[in-house]
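Commentary on secondary and tertiary structure
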Amino acid sequence: MSDAVTRAPDSGWTDPGCPVARTLDLVGDRWSLLVIRDAMDGARSFTEFQRRTGIARNILTDRLRKLTAHGLLAQRTAPSGRRQEYVLTDAGRDLFPVVVTLRQWGERHAFAPGEAHSTLIDRHGATVPELVPTGTDGTVLDADTTRVQKAE
């Protein structure tokens, strides 16, 4: 993980003690998560990200710079040797369950019944099952069965 992600809190954090707030500070805008989503789906070049998202060049430049600075993407020389490409770091790949959970929420709540949408499938062509958090004893967890323990 990069030092940029793990550094001590500074005045730029919305809520320094809250992991949700810090995560949103890093990837909570619309475009950052779409860039991460597309990197997970194989996008590597600036042009690919722009084509897939429709994002304005200046905004895409800013998001790629921010995601790279915070250690979610890394730049490397493309196999052709002529361009730079963006690849997910371990921290970026760790967002996979977040993106899957957002997708699954969207499938349930952002589409009308029967409305067509893309589907996430595994390497065998099967639809990815719903991600459900479970406790150490295997019981399903939700907002009614968990609480936040604040740092002291």
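Please read these numbers as outputs of a predicted model, since none were measured by experiment.

About the thresholds
Residues numbered from 1 in each chain as written. Predicted model: local features only at pLDDT ≥ 70, side-chain atom pairs only at ≥ 80, totals over all residues. Heavy atoms only, no water. Helix = DSSP H or I, 4+ residues; strand = E, 2+ residues; numbered from the N terminus. Buried < 20%, exposed > 50% of the residue type's maximum accessible area, 1.4 Å probe, protein only. Contact = heavy atoms within 4.5 Å. Areas by Shrake-Rupley, 256 points an atom, 1.4 Å probe, with all protein chains shown as cover. Lys, Arg positive; Asp, Glu negative; His and termini not counted. Charge placed at Lys NZ, Arg CZ, Asp CG, Glu CD. Phe/Tyr/Trp six-rings, centres within 6.5 Å; stacked < 30°, edge-to-face > 60°. Lys NZ or Arg CZ within 6 Å of the ring centre and 35° of its normal. pLDDT = per-residue confidence, 0-100. Salt bridge = Lys/Arg side-chain N within 4 Å of Asp/Glu carboxyl O. Core = buried A, V, L, I, M, F, W, Y, C linked by side-chain atoms within 4.5 Å.

Tallying secondary structure elements over the chain gives 7 helices and 2 strands in all. The N-to-C order of helical and strand elements in the chain reads α-α-α-α-α-β-β-α-α. Viewed in the frame of its principal axes, the chain has a C-alpha envelope of about 50 × 45 × 25 Å. Buried positions account for 28% of the 152 residues belonging to the chain. Long-range contacts, defined here as pairs at least 24 residues apart, represent 38% of the contacts in the chain between residues at least 6 apart. Total accessible area computed for the chain in this model is approximately 10,600 Å², and 53% of it derives from carbon and sulfur atoms. In the chain, which carries 20 positive and 20 negative side-chain charges, the distance between the mean positions of the two groups comes to 9 Å.

This part covers the packing of aromatic side chains. With the rule as written, the count across this model stands at 1 aromatic pair. Each ring, one from F49 and one from Y86, has its centre 6.3 Å from the other, and the planes form 70°; the classification is edge-to-face. Of this pair, F49 sits in helix 4 (residues 46-53) while Y86 sits in strand 2 (residues 84-88); the two residues are 37 residues apart in sequence, bridging distant segments of the chain. As far as the burial class goes, F49 and Y86 line up, both buried. Over the ring of W31 we find R30; its NZ or CZ atom is 4.6 Å from the centre of that ring.

A few words on the confidence of the model for the chain. Summing up the model confidence of the chain, the mean pLDDT is 91 and the portion of residues at 70 or higher is 93%. Per-residue pLDDT, averaged within each element of the chain, yields its smallest value for helix 1 (residues 3-6) (47) and its largest for helix 6 (residues 90-93) (98).

Once that is clear, we can look at helix 2 (residues 19-27). Listed as buried for helix 2 are A21, R22, L26 and V27. Next to the buried residues of helix 2 lie helix 3 (30-40) and helix 5 (57-69).

The residue R108 is located in helix 7 (residues 96-109) in this model. The class for R108 is partly exposed, based on a relative accessible area of 45%. In the structure, R108 is positioned 82 residues away from L26 in sequence and 26 Å away in space, judged by C-alpha atoms.

Quick look at the pattern of salt bridges now. Counted under the stated rule, the structure contains 8 salt bridges. Note that D29 is salt-bridged to R63, the shortest N-O span being 2.8 Å. Within this pair, whereas D29 is found in the loop between helix 2 and helix 3, its partner R63 is found in helix 5, the two being separated by 34 residues in sequence. Take R63: its relative accessible area is 17%, and that puts it in the buried class. Between D62 and R63 there is a salt bridge, with the nearest N and O atoms lying 2.8 Å from each other. Residue D62 is classed as partly exposed on the basis of its relative accessible area of 37%. Through salt bridges with shared partners, a single network forms among D29, D62 and R63.

With 22 residues, the main nonpolar core has I36, F49, L64 and L73 as its most contacted residues. Secondary-structure elements contributing two or more residues to this core are helix 2, helix 3, helix 4, helix 5 and strand 2. Of all the elements, helix 3 adds the most residues to this core, at 5 residues. Those residues in contact with I36, other than ones at most four positions away along the chain, are L67, L72, L73, L88, G92, L95 and V99.

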